[in-house]
Every structure is written in structure tokens, then in C-alpha cells.
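# Secondary and tertiary structure notes
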Amino acid sequence: GILPLLAQTLLAVIQTTAKSYAIAFSVISMMMCLLLGSIRYGLLSMIPNLLPITLVMAWMQIGQIPLDLFTMLVASVAMGITVDDTIHFMYNFVRDYRNSGDVDGAIHRTLQQAGRALLVTTIVLSIGFSTFTFSQVHNLINFGKLTAAAIVLALVADFVVAPALLKVTHRTKASS
């Protein structure tokens, strides 16, 4: 019948999407390592990239938001935006740190330079995706609020988590 066929189709979509995310994560990790010129910085940069997606997935579980074709797209959109933001942050930090050798100064200058652009981009994109919450279709409402939340969480991860990780890893390196 039609219901078992739809169930099989949705299961196949979920499985192939999970594989696609794993491949994307691997490729993005390698590209971040190449771009930043360091395996350590490349892998470290993936933490703020995955945190917003993980938190949104937890929110979906806790809020019992169903996994459907729209909500599966949230991670794709969020991954693209978080990676873009993290590239700007980490690239500016690495460049400044290599020139100055000062972790705190490099973080501060990065937040002043790249931080403003990240903030404006986040405001514009989160408002744009929030317009979906005015829809009459629940799938679109969920897509809009989850994507907007992921975008805001990506900014928080880049403004709070990434600097904290950089300070901790450089402190550990200096004390060893």
C-alpha cells in the first residue's frame, strides 16, 4: 500500500541524508585544515560548527518536533552558515595570531574585525528565516524557527565557544 511505501521512502531519505552529512562533515573538516594551514585549528574549528546543529537536534527531540523533509534541511542550511562564519573567525584569528603571537589580542582583534560582519549577517539571516514562522504550514514554521535558532547559536558558538577553545588550547600548549 501507499503508507508502507511512504514509510520506506522517508527511511531511505533519512539514511541517505545521514550519510551525506557524514561525508560533508569529513570534507569540510579537511577543507578547514587546508584553509587554516593546521590540522589542529581545522579540527578545533569543527566544534563551533557542530554545536549549533547538535543543540537544534536536541531541541527537536525535547520539543517533540517531528523529523520531516523540511526539518532535515535545517542541518544543511545551518552547516553552510556556521562553516562560513567559523571560516571568517578562525582565518582572521590564525592570521593575527601568527603575526602577533598574542592569543588574547588576536581574539580581541578578530572579534572587532570579523565579529561585526558575523553579527550583521546573523541578524539579517535569522530575521529572514523567521519569516517562515508566519506560515500556516507547520513544516515551514518548524523549518523557520529551527534554522533561525541554528544561525543565532552559530554566532554564539563563534563568539563564545571558539575563543574559549582557542584560549584553553593555547594555555595547555604553553604550560606543557
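None of the values given here were measured: they were computed from a predicted structure. (Residues numbered from 1 in each chain as written. Predicted model: local features only at pLDDT ≥ 70, side-chain atom pairs only at ≥ 80, totals over all residues. Heavy atoms only, no water.)

## A short note on helix α3 (residues 69-100)
Selection rule: Runs of E in the DSSP output that reach at least two residues are strands. Runs of H or I that reach at least four are helices, and both are numbered from the N terminus. The span expected for a helix works out to 1.5 Å for each residue beyond the first.
With 32 residues, α3 ought to run about 46 Å at 1.5 Å a step, and its terminal C-alpha atoms sit 47 Å apart, in line with that. One or two positions beyond α3, positive phi appears at G101, with a value near 75°.

## A short note on the confidence of the model for the chain
We count it as follows: For every residue, the predictor reports its confidence as pLDDT, a number between 0 and 100.
Chain-level statistics for the chain give a pLDDT mean of 89 and a share of 97% at 70 or above. Per-element confidence in the chain is highest for helix α4 (residues 103-130), whose mean pLDDT is 94, and lowest for helix α1 (residues 2-36), whose mean pLDDT is 87.

## Let's talk about unusual backbone geometry
With the exception of glycine, the majority of residues adopt a negative phi angle, and the majority of peptide bonds are in the trans configuration. Its identity as a non-glycine residue notwithstanding, Q64 has a phi of 55°, on the positive side. With respect to the helices, strands and loops of the structure, Q64 is situated in the loop between α2 (39-62) and α3.

## Considering the nonpolar core
Inclusion rule: Take the buried Ala, Val, Leu, Ile, Met, Phe, Trp, Tyr and Cys residues and link them wherever side-chain atoms come within 4.5 Å; each set so joined is a nonpolar core. Buried residues are those whose accessible area, probed at 1.4 Å on protein chains only, stays under 20% of the maximum for their type, while exposed residues exceed 50% and partly exposed ones sit between those limits. Contacts: residue pairs with any heavy atoms within 4.5 Å of one another.
Core analysis: the largest hydrophobic core is formed by 19 residues, its most contacted members being I28, F129 and L146. Only α1, α2, α3 and α5 (138-175) provide two or more residues apiece to this core. With six residues, α3 is the single largest residue contributor to this core. Those residues in contact with I28 that lie beyond four places of it in its chain are M46, M79 and V83. Listed in part, the 15 residues of the second largest apolar core include M90, F93, A162 and L166.

## As for the packing of aromatic side chains
Aromatic ring pairs are described here by two measures, namely the spacing of the ring centres and the angle between the planes. Definition in use: Two aromatic rings from Phe, Tyr or Trp, using only the six-membered ring of Trp, form a pair when their centres are within 6.5 Å; if the ring planes differ by under 30 degrees the pair is stacked, by over 60 it is edge-to-face, and anything between is tilted.
This structure, assessed with the given rule, holds five aromatic pairs. Between F93 and Y97 the ring centres are 5.6 Å apart and the planes differ by 10°, which places this aromatic pair in the stacked class. Here Y97 and F93 lie together in helix α3, a separation of four residues that amounts to about one turn. Taken as a pair, F93 and Y97 share a single burial class, namely buried. Ring geometry for F129 and F143: centres 5.9 Å apart, planes at 70°, overall edge-to-face. You can see F129 sitting in helix α4 and its partner F143 sitting in helix α5, a full 14 residues away along the chain. A single burial state applies to F129 and to F143, both of which are buried.

## Things to note about the pattern of salt bridges
Note the threshold: By definition here, a salt bridge exists when the distance from a side-chain nitrogen of Lys or Arg to a carboxyl oxygen of Asp or Glu is within 4 Å.
Evaluated as defined, the whole model comprises two salt bridges. D96 is the salt-bridge partner of R109, the closest N and O atoms lying 2.7 Å from each other. Placement of R109 in helix α4 and of D96 in helix α3 is noted, with a sequence separation of 13 residues between them. Taking relative accessible area as the criterion, R109 reaches 28% and is therefore assigned partly exposed. For D96, a relative accessible area of 13% corresponds to the buried category. Two residues, K167 and D104, come together in a salt bridge whose shortest N-O distance is 2.3 Å. With K167 in helix α5 and D104 in helix α4, the pair connects residues that are 63 residues apart, well separated along the chain. Accessibility expressed as a relative area gives 38% for K167, which makes it partly exposed. A residue is classified by how much of its surface remains accessible, and D104, at 45% relative accessible area, is partly exposed.

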